[in-house]
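Report on the structure
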Amino acid sequence: MKHWLFIGAFMVSIINYAQKTKVDLNSYNFQEIEQLQKKAPKPVVIFLYTDWCKICFGMKKNTFQNPEVIQKLNEDYHLILFNGEEKENITFLGKTFSYQPSGNSGMHELAKQLTISEKRTSYPTTIILNTNYEIDLLMDGYLNAKKLTSILNKYLKH
């Protein structure tokens with residue numbers, strides 16, 4: 001009986017430790033980024049997604065929950081999770097961007113502006129802005145944790 005009691009106590013302590021070490025991913029909105037950049041300039045990662053996109057959901061659930069990705073983003077980048085179909089106006093760098101309806105759907109002007117170098121906007125798209133808010137990298141499609149970590153590490157070395 002004592003043996004089982006010891007095993008039970010050991011398992012409870014492991015579960016408690018695992019729960020306490022989970023680190024949350026820091027994400028901000030565009031207005032917060034402008035303030036953060038004044039205090040602690042870092043490259044900005046923008047994850048452009050929509051609510052209906054299953055691939056976007058997969059990245060949010062898997063890639064952005066990976067401890068290595070969370071650590072890299074929290075330490076070396078500022079992150080914005082941006083819904084490309086956001087209905088609210090967003091003021092960024094002195095300009096106000098708004099949602100542009102088109103038929104049954106639409107797109108936010110800022111999403112279109114961020115992907116202007118592409119022929120069309122696709123979801124998901126991961127964008128890296130340098131500290132001067134210039135687009136240095138734009139990658140569309142699913143990025144798993146290993147690929148995103150590799151890209152983030154290489155970007156810092158360039």
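In what follows, the structure referred to is the one given above.
Numbering of residues starts from 1 in every chain and runs along the sequence as written. In view of the model being predicted, local features appear only for residues whose pLDDT reaches at least 70, and side-chain atom pairs are presented and counted only at 80 or more, with totals across whole chains, interfaces and linings using the full set of residues. The side-chain values count all of the structure's non-hydrogen atoms but skip hydrogen atoms and water molecules.

Moving on, we come to the state of the cysteines. Here is the idea: a disulfide is a covalent bond, and it sits between the sulfur atoms of two cysteines. Here, the term disulfide refers to a pair of cysteine sulfur atoms separated by no more than 2.5 Å. Counted by the stated rule, this structure contains one disulfide. The disulfide partner of Cys53 is Cys56, and the gap between their sulfur atoms is 2.5 Å. Because the torsion about its S-S bond is 85 degrees, the bridge between Cys53 and Cys56 counts as right-handed. Taken individually, Cys53 and Cys56 each receive the classification buried, so the pair is uniform in this respect. Only protein chains enter the accessibility calculation, which uses a 1.4 Å probe. A residue is then buried if its area is under 20% of the maximum for its type, exposed if over 50%, and partly exposed in between.

Moving on: the packing of aromatic side chains. Planes of paired rings set the category: under 30 degrees apart is stacked, over 60 is edge-to-face and the rest tilted, where pairs are Phe, Tyr or Trp rings (Trp by its six-membered ring) whose centres lie within 6.5 Å. Applying the stated criterion to the full structure yields seven aromatic pairs. When the ring of Phe47 is compared with that of Tyr49, the centres are 5.9 Å apart and the planes differ by 15 degrees; the resulting orientation is stacked. Across this residue pair, the class does not change: Phe47 and Tyr49 are buried. Ring plane angle 40 degrees and centroid distance 6.3 Å describe the contact between Tyr77 and Tyr155, whose orientation is recorded as tilted. Taken together, the residues span a long stretch of sequence, with Tyr77 in the loop between helix H4 (67–76) and strand E2 (78–83) and Tyr155 in helix H6 (residues 145–157) at a distance of 78 residues. For the pair formed by Tyr77 and Tyr155, the shared burial category is buried. Ring-pair connections join several aromatic residues into one group, and the members of that group are Phe30, Phe82, Phe92 and Tyr133. Over a ring means this: the NZ of a Lys or the CZ of an Arg is within 6 Å of the ring centre and within 35 degrees of the ring normal. The ring centre of Tyr49 lies 3.6 Å from the NZ or CZ of Lys60, which sits over that ring. Helix and strand definitions here come from DSSP, where helices need a minimum of 4 consecutive H or I residues and strands a minimum of 2 consecutive E residues; each element is numbered from the N-terminal end.

Take unusual backbone geometry next. The step from Tyr123 to Pro124 runs through a cis peptide bond, and the omega angle for that step is -5 degrees. Inspection of the secondary structure puts Pro124 in the loop between helix H5 (109–114) and strand E7 (125–129). The phi torsion at Tyr133 lies on the positive side, around 65 degrees, for a residue other than glycine.

Before going further, it helps to spend a moment on the packing of H4 against H6. Look at H4 against H6: their axes get within 9 Å of each other, and the N-to-C directions meet at 25 degrees. In terms of orientation, H4 and H6 fall into the roughly parallel class. In this structure, the crossing between H4 and H6 has a hand that is left-handed. From H4, Glu68, Val69, Lys72, Leu73 and Asp76 reach across to H6, where they touch Ala145, Leu148, Thr149, Leu152, Asn153 and Leu156. Three residue categories are used. Nonpolar comprises Ala, Val, Leu, Ile, Met, Phe, Trp, Tyr, Cys and Pro, charged comprises Asp, Glu, Lys and Arg, and polar comprises the others, including Gly. Looking at the contact of H4 with H6 residue by residue, the class counts come to six nonpolar, two polar and three charged. Note on geometry: axes are C-alpha line fits, over the in-contact stretch for helices, and angles between N-to-C directions span 0 to 180 degrees. Oblique is the label for every angle not falling under 35 degrees (roughly parallel), over 145 degrees (roughly antiparallel), or within 65 to 115 degrees (roughly perpendicular). Helix crossings are classified by the rotation of the near helix relative to the far one: an anticlockwise turn of less than a right angle makes the crossing left-handed, while a clockwise turn makes it right-handed. Any pair of residues with heavy atoms lying within 4.5 Å of one another is described as a contacting pair.

Here Asn130 is to be found in the loop between E7 and strand E8 (135–140). Take Asn130: its relative accessible area is 12%, and that puts it in the buried class. N or O atoms closer than or at 3.5 Å make up a polar contact, with two conditions inside protein: a donor-capable atom paired with an acceptor-capable one, and, for residues adjacent in sequence, both atoms drawn from side chains. At 2.8 Å, the side chain of Asn130 forms a polar contact with the side chain of Glu134. Within the local environment of Asn130, its side chain forms a polar contact with the side chain of Asp136, the two groups lying 3.4 Å apart. Each residue touching Asn130, except ones within four places of it in the same chain, is listed here: Asp136 and Tyr155.

Backbone hydrogen bonds are what pair the strands of a sheet, in a parallel or an antiparallel way. Two strands qualify as a pair provided DSSP detects at least 2 bridges between them. What the four strands build is an open sheet, ordered E2-E1-E7-E8; its pairing is mixed. Here the strands that pair on one side only, and so sit at the sheet edges, are E2 and E8. On average, each strand axis in the sheet is tilted by 15 degrees relative to the strand beside it, whichever way the strands run. The pairing of strand E1 (residues 44–49) with E7 spans five bridges and is antiparallel. Its bridge partner being in E7, Leu48 is matched across the sheet by Thr125. Helix H2 (residues 30–39) contacts E1 and E2 of the sheet and is inclined by roughly 165 degrees relative to E2.

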